[in-house]
Amino acid sequence: MKKYDVIVIGSGMGGMTIANKCAKKGLKTAVTDSRPYGGTCALRGCDPKKILVGAAEIIDRANKMKGIGIQGHISINWQDLMAYKNELVSKMPKNVEKGYEKSGVEMYHGTASFESENTVRIGDDLLEADKIVIATGARPVVLDIPGGNLPIDSTDFLNLGKLPEHITFIGGGYIAMEFAHLAVRAGSKVTIFHRGKMPLESFESDIVKHLVKATEELGIELHLEWDVVAVEKKDSGYTVKAESKGGEKTIQTNLVVNAAGRVPELDGMNLEKANISYGKKGIDVNEYLQSLTNERVYAAGDAADSKGLNLTPVAVMEGHAVATNIIRGNSKKPDYTEMPSSVFTLPTLAAVGMTEAQAKKAGLEYQVKASSASSWYNAKRINESTYAYKIISDKEGYILGAHIIGPHAEEMINLFAMTIKAKLKVSDIRDMVYSYPSMASDIGSMV
Ligand SMILES: Cc1cc2nc3c(=O)[nH]c(=O)nc-3n(C[C@H](O)[C@H](O)[C@H](O)COP(=O)(O)OP(=O)(O)OC[C@H]3O[C@@H](n4cnc5c(N)ncnc54)[C@H](O)[C@@H]3O)c2cc1C
Ligand SMILES: NC(=O)c1ccc[n+]([C@@H]2O[C@H](COP(=O)([O-])OP(=O)(O)OC[C@H]3O[C@@H](n4cnc5c(N)ncnc54)[C@H](O)[C@@H]3O)[C@@H](O)[C@H]2O)c1
């Protein structure tokens, strides 16, 4: 039996932060991962996706300027783009290992499961620790429908050697919307079936409306309030059957993608043996991210049922909090006040803070400033027809929520997040001098 101060299960952004921080403080720390080190974001999520989206941006910009200064045809060479993406992504696991080596973290490769409240098995190794961290992230939900095993998942999509002619996405959340916008720019035809009234239901619906319009204008078939109920293999492709209140629909497609949500990856961990309670949203934790039922155990990132969104910067923030609580005792509560989130469609949709519905539900007195900004110079100069905002502030002038769709919304939203964090008022950011011409220079007019 090997003894450690800390064992971290999962080497994504959450786990990595904890393992390195604890080891640097002199704690004897071990880390394990069942897959190569790096986690979802770096190997099969945000980072590889954004490389592909980067290419789609060029197509989008060129298409919008066609006939007004840009001529000729450009297209994505999927194989070359994938090769470039693979080259960048493949460096990650080694870089993570180097980081662990430097910090003095002992590395294991394998699936961890609990043997008791303070012991963990990784293959033939049995490890004991004072503190054990579950940072195992999330995996795609299992589709409980006939043929539910036939669709590929987001990881497979990001490794496709060839983009098929027609792709169907099940679900209308982040993954379906982002990948659909990318696939269309790369030359595929796309259908989305989403069971909700609107895609991206956690976002401000007034802003999502603009994305729905832009999505449909791209030729993406967006079927809302349609539930996929079966998938069948047919010749070289698939048949997808969907149902709505009005009836049923069957389509033929070359590829089906499961974009129906992600759930905490806790399978086979024997959490019961370690007296660790959990639910559908992950490990039950207190405000210090400590297990409610086993005080030796902490959880962070997508695997923890915390107040945090399942996003990379939140996993990192929770990782820092867990590391501090292990090193100094429970003293650090993650601050979830501002969690900016961007959907990397083209145009990008981004949000921070409350939607109007949330402000209303919380009984707050608030005011709203919302408009399309497609006639503003920043949209006109690049011939972008989708640009809109909705800013919600309280009666004292503090921003409760900001919602933007348009060019570089993913950058703009960070300024609003900073405004909330720094407790600046609307009047402060309205009166600021911004560099010009820049997207941020529109902020004064938005608030
Ligand atoms: C396609 C896609 C795109 C995304 N894009 C964005 C984005 O643009 N921006 C953003 O903020 N977020 C994005 N996300 C979400 C983001 O990737 C996650 O929120 C983040 O990676 C969570 O980090 P984590 O450390 O909690 O878990 P992960 O990074 O998932 O790491 C968990 C690790 O634990 C390992 N593991 C699991 N079980 C075991 C076990 N029993 N034993 C050992 N190891 C185990 C896994 O192999 C994995 O490497 C995206 C997600 C996906 C799927
Ligand atoms: N840009 C980003 O930050 C980013 C990008 C990708 C993923 N992510 C993370 O990954 C998570 C998972 O993303 P996702 O897009 O898979 O899930 P999601 O939860 O965002 O959306 C999935 C949607 O699919 C619908 N659905 C489920 N089953 C269906 C069916 N049979 N037919 C029709 N619709 C169905 C659900 O109602 C749900 O609204 C996100 O919640 C987020 O945490 C983040």
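Residues numbered from 1 in each chain as written. Chains lettered and ligands numbered in written order. Predicted model: local features only at pLDDT ≥ 70, side-chain atom pairs only at ≥ 80, totals over all residues. Heavy atoms only, no water.

Attention now moves to the overall build of the chain. Per the secondary structure count, the chain includes 14 helices and 24 strands. Taking as baseline every contact in the chain between residues at least 6 positions apart, the subset at least 24 positions apart corresponds to 62%. Of the roughly 20900 Å² of accessible surface on the chain, 50% is carried by carbon and sulfur atoms. Taking the average location of the 53 positive side-chain charges in the chain and that of its 54 negative ones, the two points are 3 Å from each other. (Helix = DSSP H or I, 4+ residues; strand = E, 2+ residues; numbered from the N terminus. Contact = heavy atoms within 4.5 Å. Areas by Shrake-Rupley, 256 points an atom, 1.4 Å probe, with all protein chains shown as cover. Lys, Arg positive; Asp, Glu negative; His and termini not counted. Charge placed at Lys NZ, Arg CZ, Asp CG, Glu CD.)

In this section: helix 3 (residues 46-65). Helix length check: helix 3 (20 residues) gives 28 Å between terminal C-alpha atoms against 28 Å at 1.5 Å per residue, within 8%. Taken together, the buried positions of helix 3 are occupied by P48, K49, I51, L52, V53, A55, A56, I59, D60, A62, K64 and M65. The first or second residue beyond helix 3 is G67, which carries a positive phi of 85°. (Expected span 1.5 Å × (residues − 1). Buried < 20%, exposed > 50% of the residue type's maximum accessible area, 1.4 Å probe, protein only.)

Near ligand 1 there are 35 residues, and of these G14, D33, R35, T40 and K49 occur at the shortest range. At a separation of 3.2 Å, an oxygen atom of ligand 1 approaches a polar backbone atom of N310. Here ligand 1, which alone exposes 1000 Å², has 93% of that area covered by the protein. By residue number, the principal contributor to the shell around ligand 1 is helix 2 (residues 39-44), which donates four residues. (Near = heavy atom within 4 Å. Polar contact = N/O pair within 3.5 Å; in protein donor to acceptor, adjacent residues only side chain to side chain.)

The next point concerns the pattern of salt bridges. Counting across every chain of the model gives 20 salt bridges. Taking the shortest distance from any N to any O, the salt bridge between E87 and K91 comes out at 3.6 Å. You can call E87 partly exposed: its relative accessible area is 44%. Residue K91 is classed as partly exposed on the basis of its relative accessible area, which comes to 45%. As a salt-bridge pair, K390 and E356 come within 2.7 Å of each other at their nearest N and O atoms. Separated by 34 residues along the polypeptide, K390 in strand 23 (residues 388-394) and E356 in helix 10 (residues 356-361) bring together distant segments of the chain. The pair formed by K390 and E356 is uniform in burial state, with each residue classed as buried. When salt bridges with common partners are traced through the structure, they connect E204, D206, K209, E356 and K390 into a single cluster. (Salt bridge = Lys/Arg side-chain N within 4 Å of Asp/Glu carboxyl O.)

Let's shift gears to the site of ligand 2. In the vicinity of ligand 2 there are 23 residues, among which I175, E178, V228, N310 and S342 approach most closely. The side chain of D227 places a nitrogen or oxygen atom 3.3 Å from a nitrogen atom of ligand 2. The separation between a nitrogen atom of ligand 2 and a polar main-chain atom of V228 is 3.0 Å. Summarising the interface, the protein chains cover 79% of the accessible area of ligand 2, which totals 850 Å² for the free molecule. Mapped by element, the contributors of at least two residues to the shell around ligand 2 are helix 7 (174-185), strand 9 (189-194) and strand 11 (227-234).

Ranked by size, the top nonpolar core spans 49 residues in total, and within it F114, V133 and I134 carry the most contacts. When near neighbours in sequence (up to four residues on either side) are disregarded, V133 contacts V6, I7, V8, I9, I18, Y298, V322 and I326. Residues I51, F157, L222 and V257 belong to the second largest nonpolar core, which totals 45 residues. (Core = buried A, V, L, I, M, F, W, Y, C linked by side-chain atoms within 4.5 Å.)

Quick look at the sheet that holds strand 12 (residues 237-244) now. Where strands meet in a sheet, backbone hydrogen bonds hold them as pairs that are either parallel or antiparallel. Reading across the sheet, the three strands line up as 11-12-13 and stay open at both edges, with antiparallel pairing between neighbours. Sheet topology places strand 11 and strand 13 (247-253) at the edges, where each strand pairs with a single neighbour. Here the average twist between neighbouring strands, direction ignored, is 20°. (Pairing = 2+ DSSP bridges. Axes fitted to C-alpha atoms, helices over the stretch in contact; angles between N-to-C directions.)

Right, let's talk about the packing of helix 3 against helix 4 (residues 78-90) for a bit. At a minimum axis distance of 10 Å, the contact between helix 3 and helix 4 shows a crossing angle of 145°. The interaxial crossing formed by helix 3 with helix 4 has right-handed handedness. Here P48, I51, L52 and A55 of helix 3 come into contact with helix 4, specifically with W78, L81, M82, Y84, K85, L88 and V89. Residue composition of the contact of helix 3 with helix 4, by class: 10 nonpolar, no polar and one charged. (Left-handed = near helix turned anticlockwise from the far one by under 90°. Nonpolar A, V, L, I, M, F, W, Y, C, P; charged D, E, K, R; others polar.)

Moving on, we get to the packing of aromatic side chains. A complete count under the given rule lists nine aromatic pairs for this structure. For the pair F157 and F169, a centre-to-centre distance of 6.0 Å together with 55° between the ring planes defines the contact as tilted. Of the two residues, F157 sits in helix 6 (residues 154-157) while F169 sits in strand 8 (residues 166-170), which places them 12 residues apart along the sequence. Here F157 matches F169 in class, with each residue buried. With centroids separated by 4.4 Å and ring planes inclined at 15°, the aromatic side chains of F157 and F179 adopt a geometry described as stacked. (Phe/Tyr/Trp six-rings, centres within 6.5 Å; stacked < 30°, edge-to-face > 60°.)

On to unusual backbone geometry. Between L346 and P347 the backbone carries a cis peptide bond, its omega angle lying at 10°. Secondary-structure assignment places P347 in the loop between strand 20 (341-343) and strand 21 (348-353). The step from Y436 to P437 runs through a cis peptide bond, and the omega angle for that step is -5°. Despite not being glycine, N275 shows a phi value in the positive range, around 55°. Tracing the sequence through the fold places N275 in the loop between strand 15 (262-264) and strand 16 (278-279). Even without being a glycine, L289 presents a positive backbone phi close to 65°.

It is worth spelling out the UniProt feature "binding site: NAD(+)" (unreviewed entry) in the chain at this point. The UniProt record marks G171, G172, G173, Y174, I175, A176, M177, E178 and G261 with the feature "binding site: NAD(+)" (unreviewed entry), using the residue numbering of this structure. Judged by maximum C-alpha separation, these annotated positions cover 91 residues in sequence but sit close together in space, the widest gap being only 13.5 Å. Here G171 lies in the loop between strand 8 and helix 7. Residue classification places G171 among the buried positions, given a relative accessible area of 10%. Among all residues touching G171, those that are not within four sequence positions of it are A176, I192, F193, H194, A259 and A260. If you trace the backbone, A176 turns up in helix 7. (UniProt positions renumbered as here; feature names shortened; annotations may be inferred.)

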